[in-house]
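# A look at the structure
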Amino acid sequence: MSRHKLRSERLALAGFGSVLALFLFMPLVSLVIATRPRSFVVALGQPFVWGVLELSLLTTLASLAIVVVFGTPLAWTLARRGGAAARAVETLVELPIVIPPAVAGVALLLAFGRRGLFAGILYPEGSSLAFSVLSVVMAQVFVSAPFYLQAAISAFRRVDERLIVVSRSFGAGPLRVFRRIAVPLAAPALVGGAAMSFARSLGEFGATLMFAGNLRGVTQTLPLAVYTALESDLGVAQALSVLLMVVALALLLVARAALGRTGERRGGRE
Amino acid sequence: MSGETLTASLTARVGPLVIDVELDTAPGTLVVVGPNGAGKTSLLSLLLGVLPVERARIAIGGTVLSDTEAGLVVPLEERRLGYVPQDYALFPHLTVHENVAFALASRRSDLAPSARDERVRGLLGELGLGERAEHRPETLSGGERQRLALARALSADPRALLLDEPLAALDVHSRDEVREFLGAYLERVALPTLVVTHDAADARRLGHRIAVLEAGRITQRGTWDEIAASPASPFVERFLAERR
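None of the values given here were measured: they were computed from a predicted structure. (Residues numbered from 1 in each chain as written. Chains lettered and ligands numbered in written order. Predicted model: local features only at pLDDT ≥ 70, side-chain atom pairs only at ≥ 80, totals over all residues. Heavy atoms only, no water.)

On to the overall build of chain A, then. If you tally the helices and strands in chain A, you get twelve helices and zero strands. Ordered by position in the sequence, the α and β elements of chain A form the string α-α-α-α-α-α-α-α-α-α-α-α. Looking at chain A as a whole, 40% of its 270 residues qualify as buried. A separation of at least 24 residues holds for 75% of the contacts in chain A among residues at least 6 apart in sequence. Accessible surface computed for chain A: about 15,000 Å², of which carbon and sulfur atoms make up 70%. Between the averaged position of the 25 positive side-chain charges in chain A and that of its 12 negative side-chain charges there is a distance of 7 Å. (Helix = DSSP H or I, 4+ residues; strand = E, 2+ residues; numbered from the N terminus. Buried < 20%, exposed > 50% of the residue type's maximum accessible area, 1.4 Å probe, protein only. Contact = heavy atoms within 4.5 Å. Areas by Shrake-Rupley, 256 points an atom, 1.4 Å probe, with all protein chains shown as cover. Lys, Arg positive; Asp, Glu negative; His and termini not counted. Charge placed at Lys NZ, Arg CZ, Asp CG, Glu CD.)

As C-alpha cells, this is what we get:
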C-alpha cells in the first residue's frame, strides 16, 4: 500500500470520528462563549445562588460519604463471591445506571414517600422524608452509588488472589485483609469511582425533582436552580451551568488521574 | 532437623484432575516434584484449605488441621502454615519492613508495636535485608524478594513451611547462590517443610526426601539417591537427566 493511501485512510477514519467529537464540543463551547464574564459575576452575586451551591455541595458530599462507607464493603463482598445470588445482587445494585432518573424518582416515592411501601415502618406519625433535604441525599445516593460500585467491584476483582491467600495464612482476618490489603491496592480505582459517583450526584435532576421537589432553600440543588432560572433569567441559568461544568470538569480530571494510576500499578506488576 | 512432621492424606477433584496423595515431611524437608499439570500447586492449595477436598486428614505433629471424617476443618487463618507462593506475592504497596510487620501483627496482635518492630528488624537483619527495610518490594533483586517472602512467612510463627517453586522466579545466575542459601537456612529454622518444584537441582539440594507427583498421584518416593538408582517412570528419567 502506498504511503499516500496509508495517510488518506488514516485521515478518513479520524475525520469520520471527529463528527461526534464536534457534536460534543459545540454545546459546551457555546455555553462558555455565550456567558460573558461580567454577567457571570453579576449572576453569581445573587444571594440565592450561594445557598443553592451550598445545598448542592453539602448533599453531594453526604451522598458520597454514604456511598463510599457502605459501598466499599458491599463491593468487596460482591467481588469475592461468585455465586448466583451475588451476581443477582450485583445486577440489581447496578440497575439504577440504566433506568431513567424519572423512574428512579417514582420508585423512591413508592418506597419511601408518605404513602410508600415502607411508610408504615418509617413514618408511624404520618410525616415523610420526601420533599426534605434528606430526600435529596437519598435520590443522589440511589442514582450515583452504582457508578462507585461498578468501579470498586472491578478494582477489587483485580486484586491478586495470592495476596489474599498469603495474608490469610499469616492469620489476618477478613477485616484486616480488607483494610490493609484490598482497599489500599484498589485505592486509585476507588477514588476514580468516587469522583464519577460525586459527579453523577452533582448533576442529579430527575429523581430529585420527583422525590424531593424543587423547593428553593430546602431541596433546590444546582441543576434544579438552572431549570428554574431558565424560565426567568437566562443569564443566571448560564452562569450556574458554567459553574456546574467547571466542577464536573475538575471531577473528571481527578477520576482520570486516579484511573491512570491504577493502570500504572497494574502495568508495573510482574 | 524438626522434631515434628507434617502428614497429609487427601483426595480432591481440582478441575479435570483427581488428586489422591499420602505424604509426610519426616524428616525435615519433603520436595514434591512433577511435570506441569501434575497438581503440585493445587496440592499446596489443598493443604492450605483454600480448595475443597473430598477427604482429608492433615496434621502437624499432634495438631490436626483437617479431618473430614471427624468433621474438623481448621480455617487457613488458624493453620499457621508459612506459605511462600510462586513469585512470592509480596505486598507491592508496603515496604520491606511493613510486609513483615503486617504478617507478624496478623498473628501476634498481643505484641506491643515496639516489640513487633524489634522482631521485624531482627528477622530482616538475619536474612540480610536490614538495609532494605524502607524499600518497596519492586526495587529488590530476585534473591532479596525470596528472602523477604521467607522472613514474612517465618514472622507469623508457622508450624510448617510450604514453598511453591521457590527458585523459579530467579534468573539462572543467582539461582545457585540463592538455592544454597535457602537450603542452609531451611536446615537452620528446622520446621517441617514441603517444597514444590519442577527443577531437579532444587529437589536434590533442598529435599531430604523426594516425592514424585504425576497426574495427581505419587508415583515414587525416596531420597535422591534411591530415586536416581531406579527411576519409576519416564518422567523421572527425564527429570534426573536434567540435573547437570
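Moving on from the model shown.
Let us look at the domain arrangement of chain A. Residues and elements named next belong to chain A. On domain assignment, one finds that chain A holds domain 1 (1–34) and domain 2 (46–269). In this structure, domain 1 and domain 2 have C-alpha centres spaced 33 Å apart. Each partner contributes residues to the interface: domain 1 has four residues there, and domain 2 has four residues. Interface area for domain 1 against domain 2, summed over the two sides, is near 360 Å², with a carbon-plus-sulfur share of 81%. When residues of domain 1 are sorted by the area they lose upon contact with domain 2, L31, V32 and A34 head the list and together hold 86% of the total. Counting across the interface, domain 1 meets domain 2 through zero salt bridges. For the interface between domain 1 and domain 2, the tally reads zero residue pairs in polar contact (both at pLDDT 80 or more). Residue classes in the side of domain 1 that touches domain 2 are distributed as four nonpolar, no polar and no charged. (Domains from an automatic or database assignment. Buried area = accessible area lost by both parts, 1.4 Å probe. Salt bridge = Lys/Arg side-chain N within 4 Å of Asp/Glu carboxyl O. Polar contact = N/O pair within 3.5 Å; in protein donor to acceptor, adjacent residues only side chain to side chain. Nonpolar A, V, L, I, M, F, W, Y, C, P; charged D, E, K, R; others polar.)

Attention shifts here to the interface of chain B and chain A. Counting residues at the interface gives 25 residues for chain B and 16 residues for chain A. Note on chain B versus chain A: buried area summed over both sides is about 2,000 Å², and carbon and sulfur give 65% of it. Area buried by chain B at its contact with chain A is led by E77, H93 and F102 of chain B, which between them contribute 31% of it. Where chain B packs against chain A, one counts one salt bridge. One can count seven residue pairs in polar contact (both at pLDDT 80 or more) joining chain B with chain A. Among the residues forming the side of chain B that touches chain A, the class breakdown is 17 nonpolar, three polar and five charged.

This part covers the side chain of T72 of chain A. Residues and elements named next belong to chain A. Looking at the element boundaries, T72 is found in helix α3 (residues 47–80). A distance of 2.5 Å separates a polar atom in the side chain of T72 from the backbone oxygen of V68. Not counting chain neighbours up to four residues away, the residues in contact with T72 comprise V67, Y148, F156, F178, V183 and L190.

As a further point, take the layout of surface pockets. Residues and elements named next belong to chain A. Empty space within the second largest pocket amounts to approximately 280 Å³. Every residue lining the second largest pocket is counted, 14 residues in all, and those nearest its centre are L74, V93, V141, A145 and L149. Contributions of two or more residues to the lining of the second largest pocket are made by α3 and α7 (133–157). Counted by class, the lining of the second largest pocket contains 13 nonpolar, one polar and no charged residues. (1 Å grid on protein atoms, 1.4 Å probe; cavity = no way out; pocket = protein on both sides within 12 Å on 5 of 7 lines; lining within 4 Å. Points joined across faces, edges and corners; volume = space filled by probe spheres on them.)

For D87 of chain B, which is not a glycine, the phi torsion comes out positive at approximately 65°. Relative to the helices and strands, D87 of chain B is located in the loop between β7 (81–84) and α3 (96–107).

By the secondary structure assignment, V166 of chain A is in helix α8 (residues 161–169). What makes V166 of chain A buried here is its relative accessible area of 0%. Beyond its immediate stretch of four places on either side in the chain, V166 of chain A contacts Y83, P85, A89, F91 and R152 of chain B.

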